[in-house]
Amino acid sequence: RCFVKLKDKVAIVTGAAGGIGAAIATGYAREGAKIVIADVLDGAETVKAVQNAGSEAIYVRTDVTSQKECDHMAKSAADRFRSVDILVNNAALFGGITMKPFTELSDEEWNRVMAVNVGGPFHCTKAVFPYMKEKGGKIINMSSASIMEGVPFMPHYVSSKGAIMAFTRAMARELGDYNINVNCIAPGFTHSAAGDRFDQSKAVPIGPLEELQQPMKCLKRAAYPEDLAGTAVFLASDMSNYITGQLI
């Protein structure tokens, strides 16, 4: 097969041990990219999936709340593959969140979600910048459609994903001079392991999220991680070279 879209590119995908991150990593591999799987969970299965897709991958254990670990992640990518061309800020707390009234949220819960979901992309962007500033690059942040819907009973998560949209706009302005594109994907409810775990852990009396959202959808079917890979490939490729600061 002739790889064209991401041939010889090096992509770091955080939170890629499973779910959406793994689907994006595998989608990138099919287009010729070499992949760094950065996660606190074991990334061996995604490494295998990338190899089965015909490319190379390494797993670097990374806690995105730590700047030191994110710097190590970026250096490991450059040491192994000699470049960092793409960063997907996908790691986030979601599956373990329980929907409940905001009055029942502790400071600890709020701060933990912000540390991972907002602090993580900040740390990772800082980490890859030294490797992108001379030759450009693509940064893709994962937000959430919940920021448009104003989903109740999870204000820490929704606020964190709203911050990611704002962070995307700010970084697109600041990094444009370095030919670094920064864009954002905001999926609706997606049937990943984390998504299903979240759906089952709701502490408020509402039904399955898929049943609630189905009547509002144009396409009357469930969304799966693989449905997001095409958009992520587009935003990482040369096809989107004049697109930045956008939310899809």
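Please refer to the structure placed before this passage.
Residue numbers here run from 1 along each chain, matching the order of that chain's written sequence. Confidence filtering applies because this is a predicted model: local features only for residues at pLDDT of at least 70, side-chain atom pairs given and counted only at 80 or more, and all residues used for totals across whole chains, interfaces and linings. As a convention, hydrogens and water are excluded, and side-chain values are obtained from all of the structure's heavy atoms.

Enquirer: A description of the sheet that holds strand 1 (residues 10-14) should follow, citing residues and the corresponding values.
Expert: Pairing between strands is defined by DSSP: at least two bridges between the two strands are required. For helices the rule is a DSSP run of H or I covering at least 4 residues; for strands it is a run of E covering at least 2, with both sets numbered from the N terminus onward. As summarised here, the arrangement of the six strands in space is 3-2-1-4-5-6, forming an open sheet in which the pairing is parallel. The sheet is open, and its two edges are formed by strand 3 (57-61) and strand 6 (180-185), each paired on a single side. When the angles between neighbouring strand axes are averaged without regard to direction, this sheet yields 15 degrees. Sitting on the sheet, helix 3 (residues 67-81) touches strand 1, strand 2 (34-39) and strand 3, and the angle it makes with strand 3 is about 160 degrees. What makes two residues a contact is simply this: any of their non-hydrogen atoms within 4.5 Å. As a rule, the C-alpha atoms of each element are fitted with a line to give its axis, helices using only the stretch in contact, and angles between N-to-C directions run from 0 to 180 degrees. Across the sheet, helix 7 (residues 155-175) lies against strand 5 (137-142) and strand 6, angled at about 165 degrees from strand 6, the strand it touches most.

Enquirer: If you had to explain the nonpolar core to someone new, which residues and values would you point to?
Expert: Taken as a class, soluble globular proteins show a tendency for nonpolar side chains to be buried jointly. Here the nonpolar core consists of buried residues drawn from Ala, Val, Leu, Ile, Met, Phe, Trp, Tyr and Cys, with membership extended through side-chain atoms lying within 4.5 Å. When a residue's accessible area, from a 1.4 Å probe over protein chains only, is under 20% of the maximum for its type it is buried; when over 50% it is exposed; and in between it is partly exposed. The biggest cluster of nonpolar side chains holds 28 residues, and the ones touching the most others in it are Ile-12, Val-128 and Ile-139. Those elements that provide at least two residues to this core are strand 1, strand 2, strand 3, helix 3, helix 5 (119-132), helix 7 and strand 6. Take this core: its biggest share by element is six residues, from helix 3. Val-128 has contacts with Ile-12, Ala-74, Val-84, Leu-87 and Ile-139, leaving out every residue within four places of it along the chain.

Enquirer: How would you explain the packing of helix 1 (residues 19-30) against helix 10 (residues 226-236) if you had to name every residue and give the values?
Expert: Two measures define how a pair of helices packs: the angle their axes make with one another and the distance between the axes. In the contact formed by helix 1 and helix 10, the axes pass within 8 Å of each other and the chain directions differ by 55 degrees. As judged from the angle between their axes, helix 1 and helix 10 are oblique. The interaxial crossing formed by helix 1 with helix 10 has right-handed handedness. From helix 1, Ile-20, Ala-23, Ile-24, Gly-27 and Tyr-28 reach across to helix 10, where they touch Glu-226, Leu-228, Ala-229, Ala-232, Val-233 and Ala-236. Put simply, Ala, Val, Leu, Ile, Met, Phe, Trp, Tyr, Cys and Pro go in the nonpolar bin, Asp, Glu, Lys and Arg in the charged bin, and everything else, Gly too, in the polar bin. Here the contact of helix 1 with helix 10 is composed, by residue class, of nine nonpolar, one polar and one charged. Put simply, angles under 35 degrees are roughly parallel, angles over 145 are roughly antiparallel, angles from 65 to 115 are roughly perpendicular, and the rest are oblique. Take the far helix as your reference; a near helix turned counterclockwise from it by less than a right angle gives a left-handed crossing, and one turned clockwise gives a right-handed crossing.

Enquirer: Describe the pattern of salt bridges, with residues and values.
Expert: For this document, the term salt bridge refers to a Lys or Arg side-chain nitrogen within 4 Å of an Asp or Glu carboxyl oxygen. Using the criterion set out here, one finds seven salt bridges in the structure. Among the salt bridges present, the one from Glu-45 reaches Lys-48, with a minimum N-O distance of 3.7 Å. Of the two residues, Glu-45 and Lys-48 are both situated in helix 2 (residues 44-52); the distance of three residues between them amounts to about one turn of the helix. For Glu-45, a relative accessible area of 53% gives the class exposed. Accessibility expressed as a relative area gives 44% for Lys-48, which makes it partly exposed. The closest approach of N and O atoms between Glu-109 and Lys-100, which form a salt bridge, is 2.9 Å.

Enquirer: Could you give an account of the layout of surface pockets, naming the residues involved and the relevant values?
Expert: The way it works is a 1 Å grid over only the protein atoms, where trapped points that fit a 1.4 Å probe form a cavity and open points with protein on both sides within 12 Å along at least five of seven lines form a pocket, and then any residue with an atom within 4 Å of a point lines it. Grid points are joined across faces, edges and corners, and a volume is the space filled by probe spheres set on the points. Its boundaries defined by the atoms lining it, the second largest pocket holds a volume of some 540 Å³. In terms of lining, the second largest pocket is formed by 20 residues, of which the most central are Pro-187, Gly-188, Phe-189, Lys-217 and Ala-223. The element best represented in the lining of the second largest pocket is helix 10, accounting for three residues. Split by residue class, the lining of the second largest pocket holds 12 nonpolar, four polar and four charged.

Enquirer: Could you give an account of the environment of Ser-143, naming the residues involved and the relevant values?
Expert: On the secondary structure map, Ser-143 appears in the loop between strand 5 and helix 6 (146-149). Each C-alpha atom of the pair Ser-143 and Pro-187 lies 7.1 Å from the other, and the pair is 44 residues apart in sequence. Setting aside its immediate chain neighbours within four residues, Ser-143 contacts Lys-161, Ile-164, Met-165, Cys-184, Ile-185, Ala-186, Pro-187 and Leu-247. At 2.8 Å, the side chain of Ser-143 and the backbone oxygen of Lys-161 are in polar contact. Side-chain atoms alone can form a polar contact between residues adjacent in sequence; in general such a contact is a pair of N or O atoms within 3.5 Å, and within protein one must be able to donate a hydrogen while the other accepts it.

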